[in-house]
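Overview (structure and organization)
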There are 2 protein chains.
Amino acid sequence: MSDFFAAHRATLDAALSAAETRGYWSAYPESPSPRVYGETAKADGTAAFEALLDRPFELDQPATSARVGAEVSPYGRPLGVSYPAADPDALVAAAKAAGKAWAAASPEDRAGVALEILARLNKQSFLIAEAVSHTTGQSFIMAFQAGGPHAQDRGLEAVAYAFAEMKRVPGAVRWEKPAGKGTVALDKAFRLVPRGVGLVIGCATFPTWNGYPGLFASLVTGNAVIVKPHPGAILPLAITVKIARDVLTEAGFDPNVVTLAADTVEAPLTKALATHADVGIVDFTGSPVFGRWLRENVRQALVYTEEAGVNPVVIDGTASFKGMCQNLAFSLSLYSGQMCTAPQNLFVPAGGIDTDEGHKSFDEVAAGLGKAIDGLLSDPDRAAGVLGAVQNPATLARIKAARSLGTVVRDSAPVDAPALAKARTATPLLLAVDAAAEDAYLEERFGPIAFVVKTTDTADSIARAAHSAKTRGAITAAVYSTDDAVIEAASAAFADAGVALSVNLTGGLYVNQSAAFSDFHVTGANPAGNACLTDTAFVAGRFRVVGIRTPVAA
Amino acid sequence: MSDFFAAHRATLDAALSAAETRGYWSAYPESPSPRVYGETAKADGTAAFEALLDRPFELDQPATSARVGAEVSPYGRPLGVSYPAADPDALVAAAKAAGKAWAAASPEDRAGVALEILARLNKQSFLIAEAVSHTTGQSFIMAFQAGGPHAQDRGLEAVAYAFAEMKRVPGAVRWEKPAGKGTVALDKAFRLVPRGVGLVIGCATFPTWNGYPGLFASLVTGNAVIVKPHPGAILPLAITVKIARDVLTEAGFDPNVVTLAADTVEAPLTKALATHADVGIVDFTGSPVFGRWLRENVRQALVYTEEAGVNPVVIDGTASFKGMCQNLAFSLSLYSGQMCTAPQNLFVPAGGIDTDEGHKSFDEVAAGLGKAIDGLLSDPDRAAGVLGAVQNPATLARIKAARSLGTVVRDSAPVDAPALAKARTATPLLLAVDAAAEDAYLEERFGPIAFVVKTTDTADSIARAAHSAKTRGAITAAVYSTDDAVIEAASAAFADAGVALSVNLTGGLYVNQSAAFSDFHVTGANPAGNACLTDTAFVAGRFRVVGIRTPVAA
């Protein structure tokens, strides 16, 4: 297993450096090009995916005689995959037993295993892409990038932070204190001990991207990990668990250091696992309702959450009206607005804004945004690639109900594209509302639903946007202005509200994007989540230090 | 204020280095020698202390018209000092308002202020010693060392950890990602934002040593701090707050960045402050009962606790029976057992142990410990210096009730020393019990109460001791053995139970001692507390990082 560490040492060193400098860096190529991943990689991945369908997914771990699994692709096809069901107590007991030797392994040995898992996940990026696409509804290219290399980068980032933190504790020191004419001395050894069994609760839209940081952070700090996927997106994490178990076995560890807790909507295991006395860490991505339940009821474990927010955009003015509208149209459309980073509320002054195309009234700004969405989605193939499919039928119902919340600027509709013939689809719904209609726009409306909110002026926009972030949560914010004072005011207000800000994005970079090793994803400083991917606070509590001191014979 | 940083830069650099290497280091001399602190320092400190007695303590901060304060020295004298009373909402509002400019200051400016506060506290170590001694009951020398330089070292340690953590985040970076033949680029700025108002809840026995880490960690990371002392030990923290406010004012900040929330046993402010919506961090030292209340009821803030434990000693054998007994006698007697690090349960096999003086039966071991305590305390002046006074009358009642819990090996009695004529005092009560009497010894019996517990054998001792640490909490553990296998078994068991271990202490170093920059005090891994003084986890969550990104013009 030390071979694994040696083999990946250069990757880890580069990751450690990237996490410090926080410029651009990536370990895993995001291009699905045959030149990068091999001529047959895509076909192999598709074949491997199809070979998994309509049969039991094999996983040799503690299980009951039952099987679970009822995933249906948002593109139309039931996956027909079943997974071993598990008794929570048996799973935790197995994790605990397997965790003993894992806890005793060195940080290097554990990091080596984690890095080898990531390397093998990277090789399986096309398979993972198919699994992510057919559970989340993401388009293939997005599922490849966000579910594959970008998720792997996030996992590696967590490994790097955790490894750095563990290595800051010296293994042994001599403590020599002056005493009279001589010294008194103690030899001190420091042992790193894990917090307890880690539980990773996955979400239905980004099972790997959101799941890997907690999984790898807990794992590398010495905790066995139980992965509890969303019942609608089990396969990507089942593949991940299988790969992890293979590597653990090869490295001489009990594979139960990583197990899968597949369950059903009807009989969820999450609460029993999260409150189990031996579970010491819970990582959760999902709804604020369940996030709150965890924060209030899990007393024995650290709880790291990414919940949700109402992401604001403040539109004060722009040097490129077209660029702004196109940029926002893409952000609103990408994966049909099912990203935790997608904007929901666009605050525009009642008096309109100044632009490179002259003054635009409130209605003209709203119409410009609507037209840009139409333009982006006019080509069916491009529309399919941008929008993907809708993960959950409830989102369609939510769109339907939302139509009455304001004046429809641009209506939502299914996508008429050959690639999406059997898929559940919806283009963005854009509504105009007055700032007073807080009941309409201050609630998170998950999916392709956005509001153009009419405010008194930009100061009012900033105040409302920052207040909404502070009270309802926000993961991203954006501002468009040609006035430095407005940009600084927005920077200060959103910093105070604990939300990352993007300024004047008009080109090929979008507010939705969050880059590993550079962007701090979620700040932990507003209701959108209590944790950040990835900072030191995300890893430092996952292990503890125990000192052993012995007098040095005089 | 940048002068403060420059003036103390070398101290900070040395502290940063010490926190990494964790060998011996101290910034503030622990010797109260006139050669170190000046010929008149002790007399000046005593005079300054006496000048504070029997009058209002002046503190120009938001206050109601009432005054509070009813401290009575455990040495007999009512202090007669009153403090401004405060309305919790007004105090939090003032902290919040003062915190804005404090949050906007650089880490360097904030560290400079913190280091200047520590330097001035150090100069007032004799005054602080009087205040600590006459509230906690510690002997003067202990009050000087633990309440002065050692507490200041713990504060500095927190400053160093927090400063290092803040400096790991770059202020600004350019993110350049390859795209086609060129790159796309974002300029990213990272702002550090504080978590919220910090609340430090002090204890009655070590108000400064346990209070400074949270105070300085929250302060230097940009949070205004409200200090809520124990009603029985207000003065040491009132002096601390006054010095902090002086330095803040000189540095151009609103002094309400640090305020005092003195209250009474009858009308405590703690719950109202701890659950206030604007309080973001709570540091608590005190009883497990209130610690649990905080952990279960404070939903809006990070909560760091040091509660209490039942510290075990495993006695398997020794190469110096006399050295062992003398060492443990001192640990049991020091400050009348009122240290969170004092041993309570000494596990000895029923068959006795092998020593350099031959085999000793269980009863002989118990008697040896009792005799060593008698010997240590035979000289009244030395007894006064070691024991000090008893902080709380309830401790005397606890001793009385404890006598019936086992066979009295050595009885507790008041100390007949001139220096303690009016003081509340008690020597250690040592009881022998069978291991089955868990109701007697598994409960924390705060004060000079200890049990010699008769076990089947050393394996039984280790198992019981580690289990008690895991389930009831422990801050220290000790083992005496000449067998390396026993020492390793104890090391593994106590590491698993999350408690620091001292091995074969027979000389002038004691299990009670915890050295800043070297020992991790409390692990956070058992019920004795959820936080460690000081590790990265103690500081990393006290601030958050907010990114602001702007495209670089192509």
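Worth saying up front: this structure is predicted, and the values here are computed from it rather than measured. (Residues numbered from 1 in each chain as written. Chains lettered and ligands numbered in written order. Predicted model: local features only at pLDDT ≥ 70, side-chain atom pairs only at ≥ 80, totals over all residues.)

All names here are of chain B. Orientation of helix α8 (residues 149-167) relative to helix α9 (residues 212-220), taken along the N-to-C sense of each, is 30 degrees, at an axis distance of 8 Å. Considering the angle they form, α8 stands roughly parallel to α9. Where α8 crosses over α9, the handedness of that crossing is right-handed. Contacts between α8 and α9 involve A151, R154, G155, A158, V159, A162 and F163 from the former and Y212, P213, L215, F216, A217 and V220 from the latter. (Axes fitted to C-alpha atoms, helices over the stretch in contact; angles between N-to-C directions. Helix = DSSP H or I, 4+ residues; strand = E, 2+ residues; numbered from the N terminus. Parallel < 35°, antiparallel > 145°, perpendicular 65-115°, else oblique. Left-handed = near helix turned anticlockwise from the far one by under 90°. Contact = placed C-beta atoms within 7 Å.)

Before going further, it helps to examine the relation of the copies chain A and chain B. Two copies of a chain can be linked by a rotation about an axis combined with a shift along that same axis. The transform that puts chain A on chain B rotates by 180 degrees and translates by 0.0 Å along the axis, for an RMSD of 0.0 Å. Taken together, the rotation and translation describe the operation of a two-fold axis. If distances are taken from each C-alpha of chain A to the rotation axis, the shortest is found for A:A537, at 3.1 Å. Interface residue correspondence from chain A to chain B reaches 100%, placing this contact among same-surface, isologous pairings. (Least-squares fit on C-alpha atoms with pLDDT ≥ 70 in both.)

Further remarks concern the interface of chain A and chain B. Contacts between chain A and chain B engage 56 residues on the former and 56 residues on the latter. Among the elements of the structure, α1 (2-21), β3 (172-179), β4 (182-194), α19 (484-496), β19 (500-503), α20 (536-540) and β20 (543-551) of chain A are those that each provide at least two residues to the side of chain A that touches chain B. Take the side of chain A that touches chain B: its biggest share by element is eight residues, from β20(A). Per-class residue counts for the side of chain A that touches chain B are 25 nonpolar, 15 polar and 16 charged. Summarising the sheet, β19(A) and strand β20 (residues 543-551) of chain B pair through two bridges and their orientation is parallel. Residue pairing in the sheet places A:S502 in a bridge with B:R549 of β20(B). (Nonpolar A, V, L, I, M, F, W, Y, C, P; charged D, E, K, R; others polar. Pairing = 2+ DSSP bridges.)

All names here are of chain A. For the bond from L533 to T534, the omega torsion is -15 degrees, close enough to zero to count as cis. Locating T534 in the fold gives a position in the loop between β19 and α20. With a phi close to 55 degrees, R22 is a non-glycine residue in the positive phi region. Counting through the fold element by element, R22 comes out in the loop between α1 and α2 (34-37). The exposure class assigned to R22 is buried, which follows from the 22 C-beta atoms found within 10 Å. Although it is not a glycine, N504 adopts a positive phi angle of roughly 55 degrees. Residue placement: N504 occurs in the loop between β19 and α20. (Buried ≥ 20, exposed ≤ 12 C-beta atoms within 10 Å, placed from the backbone.)

Here we come to the nonpolar core. Counting residues in each nonpolar core, the largest one holds 391 residues, and the members touching the most others are A:V159, A:V452, A:F494, B:V159, B:V452 and B:F494. Discounting residues that sit within four places of it in the chain, A:V159 has contacts with A:A111, A:A114, A:L115, A:F216 and A:V220. (Core = buried A, V, L, I, M, F, W, Y, C linked by C-beta atoms within 7 Å.)

Attention now moves to the sheet that holds strand β8 (residues 279-285) of chain B. All names here are of chain B. Read across the sheet, five strands follow the order β7-β6-β5-β8-β9 without closing on themselves; strand pairing throughout is parallel. What marks the edges here is a single partner per strand, and that holds for β7 (258-260) and β9 (302-306). Across the sheet, the axes of successive neighbouring strands diverge by a mean angle of 15 degrees, strand direction being ignored. Bridge count between strand β5 (residues 197-201) and strand β6 (residues 225-228): four bridges; the pairing is parallel. Bridging from a neighbouring strand, I201 pairs with K228 of β6. Contacting β6 and β7, helix α10 (residues 235-250) crosses the sheet at an angle of about 150 degrees to β7.

So, on to the pairing of β3(A). Residues and elements named next belong to chain A. Summarising the sheet, β3 and β4 pair through eight bridges and their orientation is antiparallel. By the bridge assignment for β4, A172 is matched with A189. Where β3 folds back onto β4 in an antiparallel hairpin, the turn is made up of two residues, including G180, whose phi is positive at roughly 60 degrees.

The subject of this paragraph is the sheet that holds strand β3 (residues 172-179) of chain B. A sheet is described by the order of its strands in space; here ten strands give the open sequence β15(A)-β16(A)-β17(A)-β12(A)-β10(A)-β18(A)-β19(A)-β20(B)-β4(B)-β3(B), paired in mixed fashion. What marks the edges here is a single partner per strand, and that holds for β15 (407-410) of chain A together with β3 of chain B. If you compare each strand with its neighbour and ignore which way they point, the axes differ by 25 degrees on average.

Here we take up the packing of helix α18 (residues 458-472) of chain A against α19(A). Residues and elements named next belong to chain A. One can describe the packing of α18 onto α19 by two numbers: an axis separation of 9 Å at closest approach and a directional angle of 20 degrees. By the angle between their directions, the pair α18 and α19 is classed as roughly parallel. Relative to α19, the crossing made by α18 is right-handed. Within the contact between the two elements, α18 uses T458, I462, A466 and A469 and α19 uses V486, A489, A490, A493, F494 and D496. For the contact of α18 with α19, the residue count by class is eight nonpolar, one polar and one charged.

Bringing the domain arrangement of chain A into the picture now. Note on interface size: it is often stated as the accessible area lost on association of the parts. Residues and elements named next belong to chain A. Domain boundaries assigned for chain A yield domain 1 (2-307) and domain 2 (312-503). One C-alpha centre belongs to domain 1, the other to domain 2, and the line joining them spans 33 Å. Tallying the contact residues gives 14 residues for domain 1 and 14 residues for domain 2. Here the residues of the side of domain 1 that touches domain 2 sort into five nonpolar, seven polar and two charged. (Domains from an automatic or database assignment.)

For helix α19 (residues 484-496) of chain B, built from 13 residues, the straight-helix expectation of 18 Å at 1.5 Å per residue is met to within 8% by its first-to-last C-alpha distance of 18 Å. Residues of α19(B) that are buried in the fold lie against β4 and β20 of chain A together with β10 (312-315), α18 (458-472), β18 (476-480) and β19 (500-503) of chain B. Remark: B:G498 follows α19(B) within two positions and exhibits a positive phi of approximately 70 degrees. (Expected span 1.5 Å × (residues − 1).)

To continue, consider the environment of A:H134. Residue and element names in this part refer to chain A. Along the polypeptide, H134 turns up in helix α6 (residues 125-136). Given 25 C-beta atoms within 10 Å, H134 falls into the buried group. Distance from H134 to A389, taken between C-alpha atoms, is 9.2 Å for residues 255 residues apart in sequence. Those residues in contact with H134, other than ones at most four positions away along the chain, are S73, Y75 and L79.

This brings us to the environment of A:I462. All names here are of chain A. Within the secondary structure, I462 sits in helix α18. In the structure, I462 is positioned 147 residues away from I315 in sequence and 9.3 Å away in space, judged by C-alpha atoms. Setting aside residues no more than four positions away along its own chain, I462 makes contact with V314, A489, A490 and A493.

The next point concerns the pairing of β18(B). Residues and elements named next belong to chain B. When you tally the buried positions in β18, you get five out of five residues, the bulk of the element. Of the two faces of β18, the one holding T476, A478 and Y480 and the one holding A477 and V479 are both buried throughout. In the sheet, β10 pairs with β18 via three bridges, with the strands oriented parallel. Its bridge partner being in β18, V314 is matched across the sheet by V479. As paired strands, β18 and β19 are joined by four bridges and run parallel to one another. If you follow A477 over to β19, its bridge partner there is L501. Handedness of the crossover joining β18 and β19 through α19: right-handed. (Right-handed = clockwise from strand over helix to strand, strands pointing away.)

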